Amino acid sequence: MEISPFAQARETALSDQHVGTLAISRRGFLALLATLPISGYAVQSQATQRIGLEEPWLSVDAVQKQLFADSVNWVSAEQLNALEYLQQKMQRPLANQEDYVFLQKGVGWLNDFARSQHNAVFVELPASHKAMLLQRIAQSQAGENWLAMLVDNLIEALLSDPVYGGNPNGIGWKAMGQTPGYPLPQAPERYFELGYQRRQRDYQQRITQTTKG
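If you're wondering where the values come from, they're calculated on a predicted model, not measured in any experiment. (Residues numbered from 1 in each chain as written. Predicted model: local features only at pLDDT ≥ 70, side-chain atom pairs only at ≥ 80, totals over all residues. Heavy atoms only, no water.)

A. A look at the environment of Gly-170. Assignment of secondary structure puts Gly-170 in the loop between α7 (141–159) and α8 (171–176). For Gly-170, a relative accessible area of 4% puts it in the buried group. (Helix = DSSP H or I, 4+ residues; strand = E, 2+ residues; numbered from the N terminus. Buried < 20%, exposed > 50% of the residue type's maximum accessible area, 1.4 Å probe, protein only.)

B. How the structure looks around the pattern of salt bridges. Inspection of every chain in the model, using the stated rule, returns three salt bridges. With a closest N to O distance of 3.2 Å, Lys-65 and Asp-61 form a salt bridge. Linking Lys-65 with Asp-61, this pair stays in helix α3 (residues 57–67), spanning four residues, or about one helical turn. Assessed through its relative accessible area of 5%, Lys-65 is described here as buried. (Salt bridge = Lys/Arg side-chain N within 4 Å of Asp/Glu carboxyl O.)

C. A look at the packing of aromatic side chains. As enumerated under the stated definition, the model contains three aromatic pairs in all. Geometrically, the ring pair formed by Trp-57 and Tyr-100 is tilted, given 6.0 Å between the ring centres and 35° between the ring planes. Note that Trp-57 is positioned in helix α3 and Tyr-100 in helix α5 (residues 97–118), a separation of 43 residues in sequence. Take Tyr-100: its relative accessible area is 23%, and that puts it in the partly exposed class. Judged by centre distance (5.7 Å) and plane angle (85°), the rings of Phe-68 and Trp-74 are edge-to-face. Comparing Phe-68 with Trp-74, the two get one shared label, buried. (Phe/Tyr/Trp six-rings, centres within 6.5 Å; stacked < 30°, edge-to-face > 60°.)

D. The arrangement of the nonpolar core in detail. Within the largest apolar cluster, 42 residues are counted, with the highest numbers of intra-cluster contacts made by Val-60, Val-63, Leu-103 and Trp-146. For this core, the secondary-structure elements that each account for two or more residues are α3, α4 (82–90), α5, α6 (127–137), α7 and α8. Contacts of Trp-146, omitting those with residues within four sequence positions, involve Val-63, Phe-102, Leu-103, Gly-106, Val-107 and Leu-110. (Core = buried A, V, L, I, M, F, W, Y, C linked by side-chain atoms within 4.5 Å. Contact = heavy atoms within 4.5 Å.)

E. Summary view of the environment of Pro-185. Structurally, Pro-185 can be placed in the loop between α8 and α9 (191–212). Taking the C-alpha atoms as reference, Pro-185 lies 9.2 Å from Tyr-164; in sequence the two are 21 residues apart. Setting aside its immediate chain neighbours within four residues, Pro-185 contacts Asp-161, Val-163 and Tyr-164.

F. Here's a closer look at α5. Its 22 residues place the ends of α5 31 Å apart at the C-alpha level, agreeing with the 32 Å of an ideal helix rising 1.5 Å per residue. Turning to α5, its buried residues number three or more, namely Leu-103, Gly-106, Val-107, Leu-110, Asn-111 and Ala-114. Along the axis of α5, the buried positions cluster into a sector of 130°, meaning they face one direction only. Among the exposed residues of α5, those oriented more than 90 degrees off its buried face are Glu-98 and Ser-116. (Expected span 1.5 Å × (residues − 1). Arc of directions from axis to C-beta.)

So, in C-alpha cells, the structure goes:
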C-alpha cells in the first residue's frame, strides 16, 4: 500500500483548544486531489467492489474508495463505513432530498464522462484512470461542488460519533489524534431525532389547539 496524501490534512488541521474540535478545510482536501499520482497510488481493484450495490451507491462507493483508499498511514473509506454513513444520512427524517438528487446527477455526469474518455463506467476503470477523471472533474464548478459534498461526508464519517453510522470504534478519532467529548449521544437522542421529535410535538400541539378552537 502507498502513503496516502490525505494524511497530510492531519498535519495542517487547525485545532481549537477551547472546544476540543478540529477544523478541516474541504478545499484543502480537494487541493490534495490534484496531487494524486496518475498511477501507483490507489490500488483499488475490481475484486473489492461491493456485491449487490446499485447506482448511485455503486459509483459513490468507488469514488469514496478512491479519495480515502487503503494506505499505510490513513484510514480508508471502507474502514470508516463511509458509504453506510452517507446512506443512513440520506434516509434520516427531514433529510434534504436535493442533496440526494445532486448526488444522483453527479454520478450520471461522472459515468457519462468516463464513457466518453474510456468507453466504460467509473467503477470498471483502473485506479490510475479513476484518479485522472476525478482530477478533471474537480476543475469544473459543478464537479468541484459534487466532490466537495462527498468530501464533506467523508470528513463527517471520519469525525462523527459512531452512533451516526461511521467511524466504527472511533477509528477516525484515533487517526486524527482526537479525543471525543462526553457524554456521547445514544439513540434515540441523536441530533436529528431530537429535532424530529420536537417538530412532531409542535405539530401535534398546533393540531390540538386548532381542534379546540
